[in-house]
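A look at the structure
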Amino acid sequence: MKVKSAVLREFKKPVTIEELELADPKAHEVMIKVKAVGFCHSDLHVFLGEIAVPLPMVLGHETAGIVEKVGAGVTKVKKGDPVVCTWMVPCGKCFQCLNGRPNICEGNFTSFLTGHLPDGTSRLTDKAGKEVLQAFFISGFSTYTVVPEDGVILLPKNFPLEYACFMGCSVPTGWGSIVNVANAKAGTSVAIYGCGGVGLNVIRAAAMRQANPIIAVDLEG
């Protein structure tokens, strides 16, 4: 099907809005109608060429939308379900996955770096029939996208998708910094340097853990 996407063809150059061809989902894949997407600093790193990835590529990984179509064998979601995408799709079999660190999965990391889905291919092609790569297994800067079934999380009905998209990155990053890394508890003093998307969620998580005092430091008031 024809989709409209923001394609990065050169680092540090404006993206181009192009009509691309999106293939149908394969087995255990899901097509999503994108409703909301954030612009993460990781997207900026790629745009600036600070993360070595091949081009052309469609960025965008803080993505929420509605399931449009499912491939064979999909059981977790169905057409019409609201979902948020995850920027890493763990293989579930490698050393890191088996030791509780699926965020640094080794099994799918090559596909992650090369802009492909776990099977080593992209679902996007341009008008010349050439492959356009998918960033972070998602490519949310597109009207529709295809992602692995294991890369979507079902949301409650009527959950605001403009908020849900941040659940794919900045919210769990902030929460994980407090809970998994700092292990902050009631009475722990916490200082947050930088109050952007992640920093604000660090503050929120620290408050929920009843940390005290919570000190936020930023150049902008």
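For the structure itself, look to the data block above.
This write-up is about the structure you can find in this document. The structure displayed is predicted, hence computed values, not measured ones.

Take the sheet that holds strand β9 (residues 144-148) next. Spatial strand order, β9-β3-β5-β6-β10: 5 strands in an open sheet with antiparallel pairing. Looking at which strands have only one partner, the edges of the open sheet turn out to be β9 and β10 (152-154). Geometrically, the sheet is characterised by an average inter-axis angle of 45° between neighbouring strands, direction not taken into account. In this sheet, strand β6 (residues 82-85) lies alongside strand β5 (residues 62-70) in antiparallel orientation, the contact comprising 3 bridges. Directly across from G65, in β6, lies its bridge partner V83.

Right, let's get into the packing of aromatic side chains. The final tally for this structure, using the stated rule, is 5 aromatic pairs. On the numbers, 5.8 Å between centres and 50° between planes, the contact of F112 with F137 is tilted. One end of the pair, F112, is in helix α3 (residues 109-114); the other, F137, is in the loop between β8 (131-134) and β9, with 25 residues separating them in the sequence. For F112, a relative accessible area of 14% puts it in the buried group. Taken together, the aromatic side chains of W87, F109, F112, F136 and F137 make up a single cluster linked through ring pairs.

Before going further, it helps to spend a moment on the layout of surface pockets. A volume near 400 Å³ is recorded for the largest pocket. Together, 16 residues line the largest pocket, and T86, W87, N103, G168 and P172 are the ones closest to its centre. Tallied by class, the residues present in the lining of the largest pocket amount to 10 nonpolar, 5 polar and 1 charged. Put simply, the second largest pocket is a space of about 290 Å³. Lining the second largest pocket are 17 residues, with S42, I51, W87, F112 and F136 sitting closest to its centre. Of all the secondary structure elements, the ones that give two or more residues to the lining of the second largest pocket are α1 (41-47) and α3. The dominant element in the lining of the second largest pocket, judged by the number of residues it contributes, is α3, at 3 residues. Class assignment for the residues of the lining of the second largest pocket results in 13 nonpolar, 4 polar and no charged.

Procedures and definitions
Residues numbered from 1 in each chain as written. Predicted model: local features only at pLDDT ≥ 70, side-chain atom pairs only at ≥ 80, totals over all residues. Heavy atoms only, no water. Pairing = 2+ DSSP bridges. Helix = DSSP H or I, 4+ residues; strand = E, 2+ residues; numbered from the N terminus. Axes fitted to C-alpha atoms, helices over the stretch in contact; angles between N-to-C directions. Phe/Tyr/Trp six-rings, centres within 6.5 Å; stacked < 30°, edge-to-face > 60°. Buried < 20%, exposed > 50% of the residue type's maximum accessible area, 1.4 Å probe, protein only. 1 Å grid on protein atoms, 1.4 Å probe; cavity = no way out; pocket = protein on both sides within 12 Å on 5 of 7 lines; lining within 4 Å. Points joined across faces, edges and corners; volume = space filled by probe spheres on them. Nonpolar A, V, L, I, M, F, W, Y, C, P; charged D, E, K, R; others polar.

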